[in-house]
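Each chain is listed here by its residues.
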Amino acid sequence: MTTFGLCALFLASAMAIERAMAITNPHWYSNHMKTSVTKQTLAVIWCLVLLFALLPIAGVGKYTRQWPGTWCFISAGDREVPGNMFFAITFAGLGIFSLLVTLSCNVVTIRGLIIRCKTKSGTSQSSKQWERLTTETVIQLLGIMCVLLICWSPLLVLMLTMISTQVSSHDCNSTAVASNHTTGRDVQLDCNFFLTAIRLASLNQILDPWVYLLFREILLRKFCIVANAVSNCSIDDHKENQTALDALNKQNHDGNNIHKPQSN
């Protein structure tokens with residue numbers, strides 16, 4: 001969980017940095033960013049994250065069984081294990097740093113796309129294509145940022161909170177805490193929220209591919225076509241209904257005019 005969690009965050013940051021460089025400095029990017037550089041970056045990320053995850057084997061930090069006893073993770077608030085606070089704080093700090101880098105680079109990319117789109121504004125076919133591409137890319141980046149924030153922010157912030165308050169997974173089933181009703185209820189809420197937060201973080205591994213798949217250019221274009229078709233159909237139906245209603249009203253009016261002389 002530590003390895004794949006941090007790798008997902010670091011890979012998202014690397015992709016965000018690459019996008020920002022490609023938009024802000026395309027000439028430098030095309031000359032220096034080769035396939036070999038991408039492969040080396042991926043290898044470095046995987047190796048560094050794997051070495052960090054193996055620190056408990058070297059005696060720094062510890063993985064413990066978490067409440068309710070069905071999964072293992074870093075013991076956030078346990079100060080008795082040597083280096084455990086450093087291990088937990090480093091994990092949370094690296095995760096938050098990665099999120100901030102991803103968000104900052106995506107904001108820079110969106111800003112660069114909008115500025116370039118304004119400079120290319122016009123009625124030509126290329127300008128319209130660039131506007132459509134900008135809209136699709138901005139929607140995709142916003143979706144990526146929302147998924148990352150929703151999935152990872154609760155876990156990372158809660159880990160720092162549990163470290164500062166010295167609440168660990170052992171306190172969830174502790175009989176000493178249960179003697180104080182208020183404290184026990186607060187700790188139990190933290191434990192329940194911690195379980196929900198780790199589920200959200202695990203869900204990110206499933207949602208990430210779908211974000212890139214569902215927000216692709218082709219699917220977004222098809223969605224716009226379907227939305228326009230539905231809108232046009234509803235407008236046409238409204239016009240047909242209005243025309244039929246007007247014809248019926250005219251027919252009734254003509255029938256009344258015909259019957260009026262006969263009744264006289």
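Going by what an unreviewed UniProt entry lists, the chain is known as Prostaglandin E2 receptor EP3 subtype and is assigned to Larimichthys crocea. Heading Subcellular location (unreviewed entry) of the UniProt record for the chain holds this comment: "Cell membrane". Looking at the Subunit (unreviewed entry) heading of the UniProt record, one finds this comment for the chain: "Interacts (via C-terminus) with MKLN1."

Caption draft 1: Structural view of the layout of surface pockets. Of the volumes computed, that of the largest pocket is approximately 330 Å³. Taken together, 16 residues line the largest pocket, and the ones lying closest to its centre are Ser13, Ala14, Met15, Ile17 and Thr41. Of the residues forming the lining of the largest pocket, the biggest block, eight residues, is contributed by helix H1 (residues 2–24). Across the lining of the largest pocket, the residue classes break down as eleven nonpolar, four polar and one charged.

Caption draft 2: Just the UniProt feature "transmembrane region" (unreviewed entry) in the chain, in detail. When the UniProt feature table is mapped to this numbering, "transmembrane region" (unreviewed entry) covers residues 41–60, 81–103 and 138–160. Segment residues 41–60 splits into 65% helix and 0% strand. End C-alpha atoms: 26 Å apart. In the segment residues 138–160, helix accounts for 100% and strand for 0%; the C-alpha atoms at its two ends are 32 Å apart.

Caption draft 3: Up close: the UniProt feature "signal peptide" (unreviewed entry) in the chain. According to UniProt, the "signal peptide" (unreviewed entry) feature falls on residues 1–22. Each end of residues 1–22 is marked by a C-alpha atom, and these two atoms are 31 Å apart; helix forms 95% of the span and strand 0%.

Caption draft 4: Looking closely at the packing of H1 against helix H4 (residues 84–119). At a minimum axis distance of 8 Å, the contact between H1 and H4 shows a crossing angle of 25°. Accordingly, the angle class assigned to the pair H1 and H4 is roughly parallel. Two packed elements cross with a definite hand, and for H1 against H4 that hand is left-handed. Looking at the contact of H1 with H4 residue by residue, the classes come out as 15 nonpolar, nine polar and two charged.

Caption draft 5: Layout of the pairing of strand S1 (residues 63–66). Of the pairings in the sheet, the one linking S1 to strand S2 (residues 71–74) comprises four bridges and is antiparallel in character. Residue pairing for S2: glutamine 66 is matched across the bridge by tryptophan 71. From the end of S1 to the start of S2, which pair antiparallel, there are four residues, and glycine 69 there has a positive phi angle of about 95°.

Caption draft 6: Molecular detail of the packing of aromatic side chains. Within the structure shown, the criterion is met by seven aromatic pairs. Each ring, one from tryptophan 71 and one from phenylalanine 194, has its centre 5.7 Å from the other, and the planes form 40°; the classification is tilted. Taken together, the positions of tryptophan 71 in strand S2 and phenylalanine 194 in helix H7 (residues 181–214) put the pair 123 residues apart, joining distant regions of the chain. Comparing tryptophan 71 with phenylalanine 194, the two get one shared label, buried.

Reading the values: rules and limits
Residues numbered from 1 in each chain as written. Predicted model: local features only at pLDDT ≥ 70, side-chain atom pairs only at ≥ 80, totals over all residues. Heavy atoms only, no water. UniProt positions renumbered as here; feature names shortened; annotations may be inferred. 1 Å grid on protein atoms, 1.4 Å probe; cavity = no way out; pocket = protein on both sides within 12 Å on 5 of 7 lines; lining within 4 Å. Points joined across faces, edges and corners; volume = space filled by probe spheres on them. Helix = DSSP H or I, 4+ residues; strand = E, 2+ residues; numbered from the N terminus. Nonpolar A, V, L, I, M, F, W, Y, C, P; charged D, E, K, R; others polar. Axes fitted to C-alpha atoms, helices over the stretch in contact; angles between N-to-C directions. Parallel < 35°, antiparallel > 145°, perpendicular 65-115°, else oblique. Left-handed = near helix turned anticlockwise from the far one by under 90°. Pairing = 2+ DSSP bridges. Phe/Tyr/Trp six-rings, centres within 6.5 Å; stacked < 30°, edge-to-face > 60°. Buried < 20%, exposed > 50% of the residue type's maximum accessible area, 1.4 Å probe, protein only.

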